[in-house]
Amino acid sequence: MNAPGFLSPTGVEIVFLLTGLVTVGAALVAVTTRQLVHAALWLVVALGGIAVEYLLLTAEFVAWVQVLIYVGSVVVLLLFGLMLTRAPIGRSPDADSGNRPVALAVALASAATLVTLVVDAFRTAWIELDRPQGDTQTVGEALFRHWVLPFEALSLLLLAALVGAIVVSRRTTPDGPAGTPAPEAVAAPEARKAQDAQAQDAQDAQEAPGASDVPGAPEAEER
Amino acid sequence: MDFLDVAWRLAAVLLAFLTLPLLVGQAEHKVMAHMQGRVGPMYAGGFHGWAQLVADGVKFAQKEDVVPAAADRRIFRLAPAVALVPYLLVLVAIPVAPDGGVGQVVDAGIFFVLAVLGVGVLGQLMGGWASANKYSLLGGLRTAAQLMAYELPLLLSAASVAMAAGTLSLPGILDAWQWWWLPWQLVGAFVFFTAGIAELHRPPFDAPLAPEEIVFGPLTEYGGLRFALFLLAEYAGIVVVSALTAVLFLGGWHGPFADGLGWLWTLLKTAALSFLVIWTRVAWPRLRADQIQRFAWTVLVPLALLQIALTGVVKVVFA
Amino acid sequence: MGLPGSGLAKGLAVTLKTMTRRAHTAHYPDVQPELPARSRGVIGLFEENCTVCMLCARECPDWCIYIDSHKETLPPAAPGGRERSRNVLDRFAIDFSLCMYCGICIEVCPFDALFWSPEFEYAETDIRDLTHERDTLRAWMWTVPEPPPPDPAAEEPKEVSAARKAADRAAAAQAAEAREHAPGPDAGAVPGSGAAPGAPDADGGGTSA
């Protein structure tokens, strides 16, 4: 088989490379910028870049899930948390914990592990992308035929996380707002979280009226 | 698929994107006025004020471009675009007529549409934060909370249709659609449409904007063309959510003479749903932020799960 | 409260019903409004009735009526009689940027020289142009509508009852006189009913400026 060379890149490969550069750049800015919200927004760029990479690899389904889950939900959750606690406009030097060397070491180690793993797994395998390799049907079949066990294990993990979240949020209830009935809490952990978040928000407002980004009185009437 | 074909389709989508939201906006002016015993705009353009929104656009374009001194300038300026562009992208994937009457067939159409819709809300969040205004921040917080609450029922009810059709592609779903899906997916349709309205922050779910309370939330500091872009995003959102509901739950182009008049059926269904969106704005008061959360988690999510269970049962028993 | 959600349904029903009915909007510049006869649009001056008594200017709460006048001497009505003087109106202006449309001037005018007119289209782009002089005020008199008839069940106007009382008294006196000299010629002039709302005596009763 005639192995394609690296010296005659196609258009898609060039775009892939450029997107990769943008993604890495955005990721680097996200961890080095001193403005908290900017970091979250650069994270959007990095995650979006990864989605574009998936698209270029014809893994359409994974790409849209990436956008849906990471850009649409995780970053919004992140921004929500930032806005609730502290999101000053401008630099926030106090947010730097001074663990930079350790963080760098961990990042490098995990990156090395992943790269080694991927390189070792695929070696010189060449996948032709002339027909979609990751469309919905392919992914679905792979997920539910070959990888059912890991899939189920993952869902179990998520369930455990869910239960854990409920337990953690229940522990804080006695002195928090009046405990809601248990069934509702089981059905809607996020709602509880949102309520608790609101309660904490109101507390923040009372404790630190001078903070620049703490919402004022209107929040109180919401409950 | 040659170049001309692609260009023609993109031009058609762009045209729809530029006209349909204005149509909905004008319809809102007139319908709302008549529901309140008024007549609405009457002069712009001569005949019953048909050009009112054009006049508004000219006015917005003439206004000064103000950025608050304490704002994060770049993000403040970027936010309207982030809020608007996703809706344009979504329109590309919505099928209008049978046999290729769609801007671009997307394999995982539902996921694409919902993912990109979620990105649109990010624009409001950015605007809310970057305005350096407490009302805006408060609105941004509510926006985020509302998005997180309503994304789930939206996805679950869409998943129910995907389960029924056995595909994630929007034209594929329409190809599989039968009339009896209407009662079968009725609950899902309710959940999807309601959650869609909530994601757009349309009344009665407009606590994040709440002009009387937090002065339009994330939009407080915006004026001129940027505010117009946010408004356009809202109306484009109405079009998109109505069209999606029509496609997923009301059978899109299905109807008498679907071969020739399929596009008309899609437009009619979209228009009827848009009318419903306007109607609820006139008829119902605004929900409080906590009521919005409770409604999402205690009503819509269980209903959506129920619909999925129903879909699964019917699918297994009858197919 | 009934069924849950009935309120929502009612809201939808009411708005839909309203939509199918005609709107209440008055299409003003295209269609002139039909204003009631007693609308307080603008104040018109019937200057023939004015005696420059200055009551209106003095009673005006915000001093928006400007009156100038001079005295003229008239030759005696009969030869050898006294010369008579009368006031001549030189300027009568109302500053409608100050006027608060209380209508006190119209109430106090003893000679019915001021009237409400429903005319309301006299907006100006300069506040100084809102001071209107006597010619404009006189022109507005043409827009004063005829007063509407009293309500059928209303109390009789004082003028009418006074006139009727006077007429009755005169008739009774006449009848009594007729009974005294039965075939006498009926030459007794009936005194005029003093309450006729006609033009007052132009040179009587006016206070000098």
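Predicted model only: the values in this text are computed from it and were never measured.

## Observations regarding the overall build of chain C
When helices and strands are tallied, chain C shows 5 helices and 5 strands. Within chain C, the proportion of its 209 residues that are buried is 22%. By sequence separation, contacts in chain C at least 24 residues apart represent 73% of the contacts at least 6 residues apart. Counting only carbon and sulfur atoms, one obtains 57% of the accessible surface of chain C, whose full area is about 14500 Å².

## A short note on the overall build of chain B
On a plain count of helices and strands, chain B comes out with 12 helices and 2 strands. For 319 residues, the compact-globule formula gives about 20 Å, and the C-alpha radius of gyration of chain B, at 20 Å, lands near that figure. Seen through its principal axes, chain B has C-alpha atoms that stretch 60 × 45 × 45 Å. Burial statistics for chain B: of 319 residues in total, 58% are counted as buried. Here the analysis covers contacts within chain B between residues at least 6 apart in sequence; of these, 78% occur between residues at least 24 apart. Summed over its atoms, the accessible surface of chain B is roughly 12800 Å², and 72% of this surface lies on carbon and sulfur atoms. The distance from the centre of the 18 positive side-chain charges to the centre of the 19 negative ones in chain B is 8 Å.

## Notes on the packing of helix α1 (residues 3-35) of chain B against helix α2 (residues 52-62) of chain B
Residues and elements named next belong to chain B. Two elements in contact, α1 and α2, have axes separated by 9 Å at closest approach and are oriented at 110 degrees. Relative to α2, the element α1 is oriented roughly perpendicular. Residue-level inspection shows Leu-22, Gly-25, Gln-26 and His-29 of α1 in contact with α2, the latter providing Gln-52, Leu-53 and Asp-56.

## Focus: the interface of chain C and chain B
When the parts of a complex come together, some accessible area is lost, and that lost area is often taken as the interface size. Taken together, the contact between chain C and chain B spans 13 residues of the former and 14 residues of the latter. Approximately 1200 Å² of surface area, both sides summed, lies buried where chain C meets chain B, with 72% of it carried by carbon and sulfur atoms. Area buried by chain C at its contact with chain B is led by C:Leu12, C:Thr15 and C:Met19, which between them contribute 41% of it. Linking chain C with chain B are 0 salt bridges. Linking chain C with chain B are 6 residue pairs in polar contact (both at pLDDT 80 or more), by the criterion used here. For the side of chain C that touches chain B, the per-class residue count stands at 6 nonpolar, 6 polar and 1 charged.

## A few points about the nonpolar core
B:Tyr150 and B:Leu248 are the most contacted members of the largest nonpolar core, which has 115 residues in total. The element contributing the most residues to this core is helix α10 (residues 224-249) of chain B, with 17 residues. Those residues within four positions of B:Tyr150 in sequence are excluded, and the remaining contacts are B:Ala195, B:Ala198, B:Glu199, B:Phe205, B:Ile292, B:Phe295, B:Ala296 and B:Leu300. Listed in part, the 26 residues of the second largest apolar core include C:Cys56, C:Cys64, C:Phe96 and C:Leu137.

## Considerations on the environment of B:Leu182
Residues and elements named next belong to chain B. As for its placement among the helices and strands, Leu-182 is situated in helix α7 (residues 181-184). Look at Leu-182 and you get partly exposed, because its relative accessible area is 36%. Taking the C-alpha atoms as reference points, Leu-182 and Leu-248, 66 residues apart in sequence, are found 9.9 Å from one another. Beyond its immediate stretch of four places on either side in the chain, Leu-182 contacts Trp-177, Phe-249 and Leu-250.

## Examining the sheet that holds strand β2 (residues 65-74) of chain C
All names here are of chain C. On the basis of which strands lie adjacent, the open sheet formed by 3 strands has the order β2-β3-β5 and antiparallel pairing. Each end of this open sheet is capped by a strand with a single partner; those strands are β2 and β5 (131-132). Pairing of β2 with strand β3 (residues 84-95), which is carried by 10 bridges, proceeds in the antiparallel orientation. When the sheet's bridge partners are listed, His-70 is paired in β3 with Val-88.

## Focus on helix α12 (residues 289-318) of chain B
The terminal C-alpha atoms of α12(B) lie 42 Å apart, and with 30 residues this matches the ideal 44 Å at 1.5 Å per residue to within 8%. Along α12(B), the sharpest change in direction is near 30 degrees and occurs at B:Ala296.

## Quick look at a nonpolar patch on the surface
On the surface, a cluster of nonpolar side chains totalling about 660 Å² of accessible area is made up of A:Leu57, A:Leu114, A:Leu117, A:Val118, A:Phe122, A:Ile127 and A:Leu129. Tracing the sequence through the fold places A:Leu114 in helix α4 (residues 100-122).

## Observations regarding α4(A)
Its 23 residues give α4(A) an end-to-end C-alpha distance of 33 Å, which sits within 8% of 33 Å, the value for a rise of 1.5 Å per residue. Remark: A:Arg123 follows α4(A) within two positions and exhibits a positive phi of approximately 50 degrees.

## Re the packing of aromatic side chains
One pair of aromatic rings is described through two measures. These are the centre distance and the angle between the planes. Tallying each qualifying case throughout the model produces 20 aromatic pairs over all chains. Measuring from centroid to centroid gives 5.0 Å for A:Phe61 and B:Phe111, while their planes differ by 70 degrees, and the two rings are edge-to-face. In this pair, A:Phe61 sits in helix α3 (residues 60-85) while B:Phe111 sits in helix α4 (residues 109-130), so the two residues belong to two different chains. Taking the relative accessible area as the measure of exposure, A:Phe61 reaches 18% and is therefore buried.

## Remarks on the environment of B:Leu18
Residue and element names in this part refer to chain B. One can find Leu-18 in helix α1. Accessibility expressed as a relative area gives 45% for Leu-18, which makes it partly exposed. In this structure, the C-alpha to C-alpha distance between Leu-18 and Ala-236, residues 218 residues apart in sequence, is 8.6 Å.

## Side note on the confidence of the model for chain C
Keep in mind that low pLDDT regions are not for reading the predicted coordinates in detail. Residue and element names in this part refer to chain C. Residues at a pLDDT of 70 or more form 86% of chain C, whose mean pLDDT is 81. Here residues 187-209 scores under 50 on pLDDT; set against residues more than four positions off or in separate chains, the count is 21 contacts. Prediction confidence for the complex, expressed as pTM and ipTM, is 0.73 and 0.79 respectively.

## Some words on the pattern of salt bridges
All names here are of chain B. Going through the model one piece at a time under the given rule, you end up with 15 salt bridges over all chains. Between Asp-65 and Arg-226 there is a salt bridge, with its nearest N and O atoms 3.1 Å apart. With a gap of 161 residues between them, Asp-65 in the loop between α2 and α3 (73-93) and Arg-226 in helix α10 connect regions that are remote in the sequence. Residue class for Asp-65 comes out partly exposed when judged on its relative accessible area of 43%.

## Remarks on the environment of C:Val14
Mapped onto the elements, C:Val14 comes out in helix α1 (residues 6-20). Counting along the chain gives 35 residues from C:Val14 to C:Asn49, while the straight-line C-alpha distance between them is 55 Å.

## Observations regarding the packing of α1(B) against α10(B)
Residue and element names in this part refer to chain B. At their nearest, the axes of α1 and α10 sit 8 Å apart, and the two run at 95 degrees to each other. With respect to α10, the element α1 is oriented roughly perpendicular. Counting all contacts with α1, which are made through Phe-17, Leu-20, Pro-21, Leu-22, Val-24, Gly-25 and Glu-28, the residues of α10 involved are Leu-232, Tyr-235, Ala-236, Ile-238 and Val-239.

Thresholds, definitions, all that
- Residues numbered from 1 in each chain as written.
- Chains lettered and ligands numbered in written order.
- Predicted model: local features only at pLDDT ≥ 70, side-chain atom pairs only at ≥ 80, totals over all residues.
- Heavy atoms only, no water.
- Helix = DSSP H or I, 4+ residues; strand = E, 2+ residues; numbered from the N terminus.
- Buried < 20%, exposed > 50% of the residue type's maximum accessible area, 1.4 Å probe, protein only.
- Contact = heavy atoms within 4.5 Å.
- Areas by Shrake-Rupley, 256 points an atom, 1.4 Å probe, with all protein chains shown as cover.
- Rg over C-alpha atoms; globule rule 2.2 N^0.38 Å.
- Lys, Arg positive; Asp, Glu negative; His and termini not counted.
- Charge placed at Lys NZ, Arg CZ, Asp CG, Glu CD.
- Axes fitted to C-alpha atoms, helices over the stretch in contact; angles between N-to-C directions.
- Parallel < 35°, antiparallel > 145°, perpendicular 65-115°, else oblique.
- Buried area = accessible area lost by both parts, 1.4 Å probe.
- Salt bridge = Lys/Arg side-chain N within 4 Å of Asp/Glu carboxyl O.
- Polar contact = N/O pair within 3.5 Å; in protein donor to acceptor, adjacent residues only side chain to side chain.
- Nonpolar A, V, L, I, M, F, W, Y, C, P; charged D, E, K, R; others polar.
- Core = buried A, V, L, I, M, F, W, Y, C linked by side-chain atoms within 4.5 Å.
- Pairing = 2+ DSSP bridges.
- Expected span 1.5 Å × (residues − 1).
- Bend = angle between axes of the 7 residues up to and from the residue.
- Patch = residues over 30% accessible without salt bridge, like charges linked within 9 Å, V, L, I, M, F, W, Y side chains within 5 Å.
- Phe/Tyr/Trp six-rings, centres within 6.5 Å; stacked < 30°, edge-to-face > 60°.
- pLDDT = per-residue confidence, 0-100.

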